[in-house]
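If you want the building blocks of each chain, they are given just below.
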Amino acid sequence: MCLGIPGQIIAITDAARQMAMAEVSGVRREVSVACIARDPLSSLIGEWTLVHVGFAMAVIDAEEAARTMEALRDLGEVQEALDAMAETAAALEQVQ
Amino acid sequence: MKYVSEFRDPDAVKSVLAAIARVADALGATAERPVHIMEICGGHTHAIFRFGLDKLVPPGIEFIHGPGCPVCVLPRARVDEAIQLAERPEVIFTTFGDAMRVPGTGKTLMQARAAGADVRMVYSPLDALELARRNPGREVIFFGLGFETTTPSTAITVQTAAAEGLTNFSLFCNHITVPEPIKALLDDPHMVLDGFVGPGHVSMVIGTHPYDFIARDYAKPIVVAGFEPLDLLQSVLMVLTQILEGRAEVENQYARVVPEHGNPVSLAAIADVFERRPSFEWRGLGEIDLSGLRIRQKYRAFDAEEKFGIGYGAGPREVAEPDGCACGQVMTGRIKPLQCPQFGRGCTPDSPLGALMVSSEGACAAYWQYGGARLPVALS
Ligand code: SF4
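As a starting point, this report considers the structure included with it. As the structure is a prediction and not an experimental result, all values here were calculated from the model.

What to know about the overall build of chain A
Regarding its fold elements, chain A presents two helices and five strands. Its helices and strands taken in sequence order, chain A reads β-β-β-β-β-α-α from the N to the C terminus. A globule of 96 residues ought to have a C-alpha radius of gyration of about 12 Å, and chain A, at 13 Å, matches this closely. With respect to the principal axes defined by its C-alpha atoms, chain A has extents near 40 × 35 × 20 Å. With 96 residues in all, chain A has 49% of them scored as buried. For chain A, restricting intrachain contacts to residue pairs at least 6 apart in sequence, the fraction spanning at least 24 positions comes to 42%. Carbon and sulfur atoms form 50% of the exposed surface of chain A, whose accessible area is close to 4000 Å². Here chain A contributes 6 positively and 15 negatively charged side chains, and the mean placements of these two sets differ by 4 Å.

Dropping the structure here:
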């Protein structure tokens, strides 16, 4: 929860709401880019970012992304984040 | 635990370790009279154990594990209140997975869910918002937890809910801040702290200036650090060097991610949505002035405490910790987890007494996971 995980922005999904698709360790997830927004938003495509609980919080370079990913993988944080993303899908689908 | 040869840049790690040993020597630090360095962030505590950094540095350097695990410091009363909210029939209670196994007075959110409460784990507060959109007939509550790293995400989520005019979404706010508990620790005459390794991702949001008081008013060095082994060791070296040179400054080892003034959009969102509570309770530390956030009046429609009449001001809140549990002392670095009489006896990851044993960032979980469990087994 406290450590961000590197994600690469691959598309802007909703410019008005500042939402983008990011790829995190091979998994796609919509994230908010409100905190790193710039003009035009599409210039974020291809950038690496640090994603915290669904929000891209900082733009980082590819080398930093790789180093961070390695450290997080060792800490088990990558799996934890991916599991949490999977949990979410289940939470959203559950109807009562 | 990793060996130096397995690190990404083993030569760099070796040379920083050699430099640390030289400065520690020059300071006359020994196992009997160590330099005490507190790592504030639970993520750092986890990294120190996972990478075995506490074993790699000379014995004259002692890591004191700080209160920087937001799940660990969540008081039992707040967990109880979360469960009370979750048990309302109209409510879908959403939370980060970390909070599911934290014990309240009687049970955990996990146990409440097993007993029928609609508790759902989400990755992001945005997912809670989506649940509210999809379930207009239900009340969706998000369990807002964490330091300044997660606060902006919750703030922006509340702003979005307001902009969309959602009426079935609210936040149970337990956001806390990093500088205030540090001040409380520094004001405690029993604490022996020579310097700090500061949290990297919190600082990405707030920048480095909120730590100025540590250097200015308390004359202690603090170095904001990243999470890789090399980052942490370099930061330790920077703290030691400051001590040796008689300096007390705020330095930024993680400048490649942490801007001096933080993230302006995040800070503006936090300021718009939240204000400080006069004080907030920390498990094991008690009430700390100005250390917690609550929702401002203008967003009160999204405040679960207001909406459901729960929380601060809504009733008596004295909830004692269980007998023999030393969470507070561990959290403030007074003792190590192995010195807690409950470690491995009354308290294990499967049946925890304290949250420090179940959060991935808790010091007791780190000791358990990386070898600490052997000792009590041998003792029993
Ligand atoms: S071992 Fe359990 S009771 Fe003791 S300090 Fe750790 S979490 Fe608390």
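That shown, we press on.
Some details on the overall build of chain B
Scanning chain B from N- to C-terminus turns up 16 helices and 13 strands. Taking 21 Å as the expected radius of gyration for a compact globule of 380 residues, we find that chain B reaches 21 Å, a close match to that expectation. Taking the principal axes of its C-alpha atoms as reference, chain B extends roughly 65 × 50 × 40 Å. Partitioning the intrachain contacts of chain B with sequence separation of at least 6 by distance along the chain shows that 77% fall at a separation of at least 24. Treating the 35 positive side-chain charges of chain B as one cloud and the 44 negative ones as another, the clouds have centres 3 Å apart.

Remarks on the site of the ligand
Cys325, Ala326, Cys327, Val330, Cys340, Phe343, Cys347, Leu353, Gly354, Leu356, Met357 and Cys364 of chain B make up every residue found near the ligand. Across the shell around the ligand, the residue classes tally to 11 nonpolar, one polar and no charged.

Re the packing of aromatic side chains
All names here are of chain B. The full count for this structure, using the stated rule, is nine aromatic pairs over all chains. For the ring pair Phe93 and Phe143, a centre distance of 5.4 Å and an interplane angle of 55 degrees mean the geometry is tilted. In this pair, Phe93 sits in strand E3 (residues 91-95) while Phe143 sits in strand E5 (residues 139-146), placing the two residues 50 residues apart along the sequence. Exposure class is identical for Phe93 and Phe143. Each is buried. With a centroid separation of 6.5 Å and 80 degrees between ring planes, the pair formed by Phe227 and Tyr254 is classed as edge-to-face. Remark: Tyr254 occurs in the loop between strand E9 (250-252) and helix H12 (264-273) and Phe227 occurs in the loop between strand E8 (222-224) and helix H11 (229-244); sequence separation between them is 27 residues. Of the two residues examined, Phe227 and Tyr254, each falls in the buried class.

What about the environment of Thr150 of chain B?
All names here are of chain B. When you line up the elements, Thr150 lands in the loop between E5 and helix H7 (151-164). For Thr150, a relative accessible area of 1% gives the class buried. Taking C-alpha positions, Thr150 is 25 Å from Phe51, a pair spaced 99 residues apart along the chain.

Re the sheet that holds E8 of chain B
Residue and element names in this part refer to chain B. Spatial ordering of the open sheet is given by E2-E1-E7-E8-E9, a layout of five strands whose pairing is parallel. Strand pairing shows two members of the sheet lacking a second neighbour, strand E2 (61-68) and E9, which therefore form its edges. This sheet shows a mean twist of 25 degrees between the axes of neighbouring strands, independent of strand direction. Sheet analysis places strand E1 (residues 35-41) next to strand E7 (residues 195-198), joined by three bridges and oriented parallel. The partner of Met38 across the bridge, within E7, is Phe196. Its contacts with the sheet place H11 against E1, E2, E7, E8 and E9, and it is angled at close to 155 degrees to E8.

Let's talk about the interface of chain A and chain B
By convention, interface size is frequently given as the accessible area that disappears when the constituent parts associate. Facing the 41 residues of chain A at the interface are 48 residues of chain B. Interface of chain A and chain B: buried area, both sides summed, is about 3900 Å²; carbon and sulfur atoms make up 58% of it. Counting across the chain A and chain B interface gives five salt bridges. The salt bridge involving Glu63 of chain A is made with Arg8 of chain B; its shortest N-O contact spans 3.9 Å. Among the elements of the structure, strand E3 (27-32), strand E4 (48-52), strand E5 (55-60), helix H1 (62-75) and helix H2 (77-93) of chain A are those that each provide at least two residues to the side of chain A that touches chain B.

Observations concerning the state of the cysteines
All names here are of chain B. All chains considered together, the criterion is met by one disulfide over all chains. With a sulfur-sulfur separation of 2.3 Å, Cys69 is cross-linked through a disulfide to Cys72. Taking the sign of the S-S torsion, 70 degrees for the link of Cys69 and Cys72, the bridge is right-handed. Pair check on accessibility: Cys69 and Cys72 agree, each one buried.

Some words on the side chain of His44 of chain B
Residue and element names in this part refer to chain B. Position of His44 relative to the elements: it lies in helix H2 (residues 42-50). Judged by relative accessible area, which is 0%, His44 ranks as buried. Among the polar contacts listed, one links the side chain of His44 to the backbone oxygen of Ala225, at a separation of 3.3 Å. Ignoring anything within four residues of it in the chain, the contact list for His44 reads Glu39, Val197, Gly198, Pro199, Gly200, Ala225, Gly226, Phe227 and Leu232.

Comments concerning the side chain of Asn135 of chain B
All names here are of chain B. Among the structural elements, Asn135 can be located in the loop between helix H6 (125-134) and E5. Owing to a relative accessible area of 13%, Asn135 belongs among the buried residues under this scheme. In contact with Asn135, other than residues within four places in its own chain, are Ile92 and Asn168.

Things to note about the pattern of salt bridges
Applying the stated criterion across every chain yields a total of 34 salt bridges over all chains. One salt-bridge network, in which partners are shared between bridges, spans Glu64 and Arg67 of chain A together with Glu228, Asp231 and Arg256 of chain B.

Comments concerning the pairing of strand E2 (residues 19-24) of chain A
Residues and elements named next belong to chain A. The pairing of strand E1 (residues 5-14) with E2 spans five bridges and is classified as antiparallel. When the bridges of E2 are listed, Gln8 appears paired with Glu23. If you look at the hairpin formed by E1 and E2, you'll find four residues sitting between the two strands, and Gln18 has a positive phi there, around 55 degrees. Judged from the six bridges that link them, E2 and E3 form a sheet pairing that is antiparallel. Its bridge partner lying in E3, Ala20 is registered against Val31.

Here is what the cut-offs are and how they apply
- Residues numbered from 1 in each chain as written.
- Chains lettered and ligands numbered in written order.
- Predicted model: local features only at pLDDT ≥ 70, side-chain atom pairs only at ≥ 80, totals over all residues.
- Heavy atoms only, no water.
- Helix = DSSP H or I, 4+ residues; strand = E, 2+ residues; numbered from the N terminus.
- Rg over C-alpha atoms; globule rule 2.2 N^0.38 Å.
- Buried < 20%, exposed > 50% of the residue type's maximum accessible area, 1.4 Å probe, protein only.
- Contact = heavy atoms within 4.5 Å.
- Areas by Shrake-Rupley, 256 points an atom, 1.4 Å probe, with all protein chains shown as cover.
- Lys, Arg positive; Asp, Glu negative; His and termini not counted.
- Charge placed at Lys NZ, Arg CZ, Asp CG, Glu CD.
- Near = heavy atom within 4 Å.
- Nonpolar A, V, L, I, M, F, W, Y, C, P; charged D, E, K, R; others polar.
- Phe/Tyr/Trp six-rings, centres within 6.5 Å; stacked < 30°, edge-to-face > 60°.
- Pairing = 2+ DSSP bridges.
- Axes fitted to C-alpha atoms, helices over the stretch in contact; angles between N-to-C directions.
- Buried area = accessible area lost by both parts, 1.4 Å probe.
- Salt bridge = Lys/Arg side-chain N within 4 Å of Asp/Glu carboxyl O.
- Disulfide = S-S within 2.5 Å.
- Polar contact = N/O pair within 3.5 Å; in protein donor to acceptor, adjacent residues only side chain to side chain.

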